[in-house]
Each structure stands twice: as structure tokens, then as C-alpha cells.
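Descriptive analysis of the structure
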Amino acid sequence: MTELNDLSPAPLPKVPRLSKSKFLSGLQCHKRLYLDVHHPFLATKPDAATQAMFEMGTEVGELARSRFPGGVLVTAGYRQTEAALTQTANLIQDLTVPAIFEAAFLHGGVLIRADILERVPGAEGQPCAWRLIEVKSSTKVKDVHLEDLAVQSEVILGAGLTLVSVGLMHINTGYLYRDGAIDLTELFAIQDLSEAVAQRRASVPERLAAMTRMLLQPQAPAIEPDRHCHTPYDCPFWDHCTKDKPARWIHYLPGSKQVVSLLAQQGVTTIDEIPAGTKLSPVQHRVKENVEWVSAKLGTVLKAVQYPVHHLDFETVMLAVPRFSETRPYQALPVQWSNHIEQATGELRHEEFLHKDVSDPRKVLAESLLVSLGDRGSICVYSPYEKSVIEQLAVVLPSLRTALQALVKRIWDLHPIVRDHYYHPHFDGSYSLKEVLPALVPSLGYADLAIKEGGHAASQYYRMVFVETDWVERATIEEALLRYCERDTLAMVELRRALKEKAQMRGEMG
Ligand code: SF4
């Protein structure tokens, strides 16, 4: 006898209300939307750096409201839908309110909150019309912003309001802040996108209907992970969707994603299956070969370094809203350095600097840096970033310009040396310090540190200086920042030593 359960179809999922962020998830990938709605716990939580970006976006959004004096915020939270809709309806009726922030609308099963809705004169016979403005902490209009505004417009128009224009308010990186109050009209640019958004809006109902049908299915759609998983944002379900992929899955091949997609379309599932004769970049070629490789010239290039060798690393912050005179939004400001100094004898000394208050860090940082680096020896770095930071300091600090420019001539970048002269299978095609270090120096990593990567360091620095008031918490962050930056420069010391050994083993160092 057949069990009743064998014949029962899987229970159909209930379709919840969509939001604009869910609509955008669905545009990226229907499977992402399905998982977002029915299995959200499968998502990887945002890391500390992403979380910090969200927080910066919130700060920018709040500041943007100041450009609309008299505007009123809908205070009901994101889960208090009915209260938010009622508050919005009341504010719309109140003709003395010039703008509404976080206005809530529900239409066609989609709930949205509009960043800024500005009341503007209506046509004859109409009490008023509205301008919809989306606020982003980005520096330019992106395709996803048009989609975002398209779904919002569709819902607001469906709810019965008249929209005369639709625009995006974003950060203007051309704004040069000088002392005093921030000029909000300069900090923010508003771009009218009415025409482009109207074109996108036409397809919103059809797309929403397709998403709703898909959400009613008992299973998530069978969509294979590919390039779309990283555009316009990294999908939080990447780890879930790729958990059963082989260790040498073709999508782990670094470099051109076009090559990867083409190979995948040809049925190539692993890097080892790439047909001989396929045009690959040198790095892709090494990943395919998957064996340790030491260039014949490694020893010679390592010998070019001058003692004492300084190993230098900066940490920087990029503030969306500038705080220091003569700075622009998102300008990288150095706030910390670490220097490991190695003598020809092998003797090692460590020096460091961390700017801990809300004042402009640049001059005091540059002065301490010049003392530490002195006027002799190579300055070993692991990216072109340190050079560009020193060059920018030279531009804004005329009294130190000559000395800073002299440092630039001593810079010796270890990154291209590793890239061009050594490969280890554990690099997995990446030459970042965080990948290279454990392969060459397994005893030294970042796992024991409270801060493990640069984005987290920047967000923690911001917290320590501009947010945190508890001195114990500030001291904890300070220690974590110092240890992180120190590890980056110690990593370079050990990396140089490990590479020298590799070259010696090859008989190059004599
Ligand atoms: S990882 Fe890719 S395939 Fe999986 S849900 Fe996200 S976007 Fe879709």
C-alpha cells in the first residue's frame, strides 16, 4: 500500500510581501530571491567591513536629509508596516510638510520605504506633486540604482501619488572641504534620472509577476553559480551554492572571468580539465600546472635590496563625509604605519605609529614616518599603495615635500617580485599577502589576531576615533590595530627570508 505521504506534493510556500531589496535580489538571480525569502539562514553573514559600509551609508542618509529643511521622518520601524503606512498617509495630507523621509508605500504586494519624497507644486487643480530622491553613499549612478528607483516609482505611482521627477543623490568626490560647516549642496550631487527610470519601470510588473510565480514553487530554481553571482553585489548565498563544488572548480581559476565562463560553457568543470592549447594568462597557466615554481632570477632580484631594509605598511581610512581641511570625500587618509627594520646582520627592530584623536593625522604621521625611515636603505612594501600614500602626503605637506619625495625613490615592491618569480600551489592563483604568507611561512598567519584584514581595520579605526566613548573599548581596539599592522610588516620580513631560502635551494644565491 502506498503511504499517503508518498503521494502528497511538497507544501507550497507562502509568498510574503516583497520589498525593493528583495526585488533587486530577484533581478540578480531568482534563486537568490527564493533563498532570501524561504531560507534566509543559508546566507553568509556580512563581514565587519561590509557592516561598516552599511553604517556609513546610514550616516550619509541621515546627513542628506539636512538638505531638506522642515522634512519629517516616518519614525515607525521597518517591521511596523501598518504604523509606517498610516504616518506616511498623514504626512502626505499635511500640506505644511515640505518633504517626507522614509515614507512607506504598499502596492501590488511590494512594500517600499522612500529615502526622500519632496513636495513640489502640482499641475493646475492638483494640491501638490512629488519628487522622489534615493540617497546612496556611492560616487556615481549605477545600473542597479535605476532598477531601485524603477520599483519605487512603480509602487508610489500605484499608490496614487503624482511623481514629477525621480533622482539619485550621491556623494560628489569633486567637493573639496575647507574648514567650517560642510556645504551639503557641494557634498551631494542630485542627478535627475526620470527618463531612464521610466524606461525601466515599464518592465517592473512583468518582472514582479515572474518572481511571484517562482516563489510559489516548492523548490528553488536550479541556477548554477556563475559571473552573475558577483554583479552588482557579491551574493550572500555563494558559500551555500558552491559547497559541493570540487576543490579545483573551474570558477576558482583567477583572472578573466570571460575565459572561465567560456570554458564552463564548453563543459569544463575543473581546472585540471582545461584542454591543452587554451589561451591562458601566465598566472592562469601556473594555477593549471599546480606545481611549485621558482624563477632562475629570483636570487638576483632579491639581492637588489639595500640594507637596512625597512618593511612598511600603512592603514588608511576613507571618510564619505570629509572632516579635515583640504580633503575630499573618500580620500584615503593614512592614520597608522608599522616599520620592521632589518639590518644586514639579520637583527630586527620594530617601530610603529597610530594617530588616536580626531585631529588631522597627516602631518604628525608624516613627521614620525620620516624619523623612522631615516635616509638609508630600501623601503619594502607589498603593493603600490604605500607609494601613492607618500606621494599624496608630499602634495599636501609642502614643508616635508622634498623629504617625502626622497622616500618614494627608495621604495622596493615585493609584490611583483613574488608574482614574477615564484608560485606555490597553495596560492590558488592569488598573490595577495594573506594567500602568499601561509603558503611560504605556515607558522605565521592572522588567525590569532582580533583584526585580520584591512577593511576591518579601517572600520575599527573609525569606531575608535569617531564613535566609541568607553576608554577600555578604545584601548582594546588600539591594541588590535597595532598588532594587525605589525603583522603585515613582519609578514614581509619573513616572506623575504623564505624567498631567499627558495632561491638558495635553487643554487642562485651562492
Ligand atoms: S550564489 Fe549565484 S546562483 Fe547562488 S543564489 Fe547567489 S546569485 Fe544565485
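Below is a summary of the structure that appears in this document. Keep in mind that what you see is a predicted model, and the values were worked out from it rather than measured. (Residues numbered from 1 in each chain as written. Predicted model: local features only at pLDDT ≥ 70, side-chain atom pairs only at ≥ 80, totals over all residues. Heavy atoms only, no water.)

Points about the packing of helix H6 (residues 143-158) against helix H9 (residues 204-215)
- Close contact between H6 and H9 brings their axes to 10 Å; oriented N to C, the two are set at 95°. Here H9 runs roughly perpendicular to H6, going by the angle between their axes. Contacts between H6 and H9 involve Glu-147, Ala-150, Val-151 and Glu-154 from the former and Val-204, Pro-205 and Arg-207 from the latter.
- Within the contact of H6 with H9, the residues separate by chemical class into four nonpolar, no polar and three charged. (Axes fitted to C-alpha atoms, helices over the stretch in contact; angles between N-to-C directions. Helix = DSSP H or I, 4+ residues; strand = E, 2+ residues; numbered from the N terminus. Parallel < 35°, antiparallel > 145°, perpendicular 65-115°, else oblique. Contact = heavy atoms within 4.5 Å. Nonpolar A, V, L, I, M, F, W, Y, C, P; charged D, E, K, R; others polar.)

Considerations on the sheet that holds strand S11 (residues 348-354)
- Taking strand neighbours across the sheet as the criterion, the five strands line up as S11-S10-S9-S12-S13 in an open arrangement whose pairing is mixed. The outermost strands of the open sheet, each flanked by one partner alone, are S11 and strand S13 (411-413). When the angles between neighbouring strand axes are averaged without regard to direction, this sheet yields 30°.
- Bridge count between strand S9 (residues 309-318) and strand S10 (residues 332-342): ten bridges; the pairing is antiparallel. Looking at S10, one finds that Glu-315 is bridged to Gln-336.
- Most of the contacts of helix H15 (residues 385-396) go to S9, to which it runs at about 70°, and overall it touches S9, S10, strand S12 (379-381) and S13.
- Where helix H17 (residues 414-421) meets the sheet, it contacts S12 and S13, and its direction lies at approximately 30° from that of S13. (Pairing = 2+ DSSP bridges.)

Re the side chain of Lys-31
- Following the sequence through the fold, Lys-31 ends up in helix H3 (residues 30-38).
- Summary of buried charges: Lys-31 has no salt-bridge partner, and the nearest side chain of opposite charge, Glu-224, is 6.4 Å away.
- Excluding its chain neighbours within four sequence positions, the residues that come into contact with Lys-31 are Ala-220, Pro-221, Ile-223 and Cys-241. (Buried < 20%, exposed > 50% of the residue type's maximum accessible area, 1.4 Å probe, protein only. Lys, Arg positive; Asp, Glu negative; His and termini not counted. Salt bridge = Lys/Arg side-chain N within 4 Å of Asp/Glu carboxyl O.)

Quick look at the pattern of salt bridges
- For the coordinates displayed, the defined rule picks out 31 salt bridges.
- Among the salt bridges present, the one from Glu-478 reaches Lys-356, with a minimum N-O distance of 3.3 Å. One end of the pair, Glu-478, is in helix H20 (residues 471-505); the other, Lys-356, is in the loop between S11 and helix H14 (362-373), and 122 residues separate them in sequence.
- Look at the salt bridges and you will find they share partners, linking Lys-20, Glu-134, Lys-136 and Asp-148 into a network.

Section: the environment of Lys-136
- Secondary-structure assignment places Lys-136 in the loop between strand S5 (129-135) and H6.
- For the pair Lys-136 and Asp-226, spaced 90 residues apart in sequence, the C-alpha separation works out to 27 Å.
- Once residues lying within four places of it in the same chain are set aside, the contact partners of Lys-136 are Val-60, His-145, Asp-148, Leu-168, Met-169, His-170 and Ile-171.
- Looking at Lys-136, its side chain comes within polar contact range of the side chain of Glu-134, at 2.9 Å. (Polar contact = N/O pair within 3.5 Å; in protein donor to acceptor, adjacent residues only side chain to side chain.)

Examining the site of the ligand
- Every residue close to the ligand is listed here: Cys-29, Lys-31, Arg-32, Ile-223, Pro-225, His-228, Cys-229, Cys-235, Phe-237, Trp-238 and Cys-241.
- With respect to the pocket detection grid, the ligand is positioned in the largest cavity.
- Among the elements of the structure, H3 and helix H10 (238-241) are those that each provide at least two residues to the shell around the ligand. (Near = heavy atom within 4 Å. 1 Å grid on protein atoms, 1.4 Å probe; cavity = no way out; pocket = protein on both sides within 12 Å on 5 of 7 lines; lining within 4 Å. Sits in = over half its atoms within 2 Å of the grid points.)

A word on the nonpolar core
- Counting 60 residues, the largest nonpolar core has Tyr-382, Leu-414, Phe-427, Leu-440 and Leu-495 as the members making the most contacts within it.
- Looking at which element gives the most residues to this core, the answer is H20, with eleven residues.
- Both domains that furnish three or more residues to this core are identified here as domain 2 (254-279) and domain 3 (298-505).
- Not counting residues up to four positions away in its chain, the partners in contact with Tyr-382 are Asp-413, Leu-414, His-415, Val-418, Tyr-431, Ser-432, Leu-433, Val-436, Met-492 and Leu-495.
- Within the second largest apolar cluster, 41 residues are counted, among which are Tyr-34, Ala-76, Ala-150 and Met-211. (Core = buried A, V, L, I, M, F, W, Y, C linked by side-chain atoms within 4.5 Å. Domains from an automatic or database assignment.)

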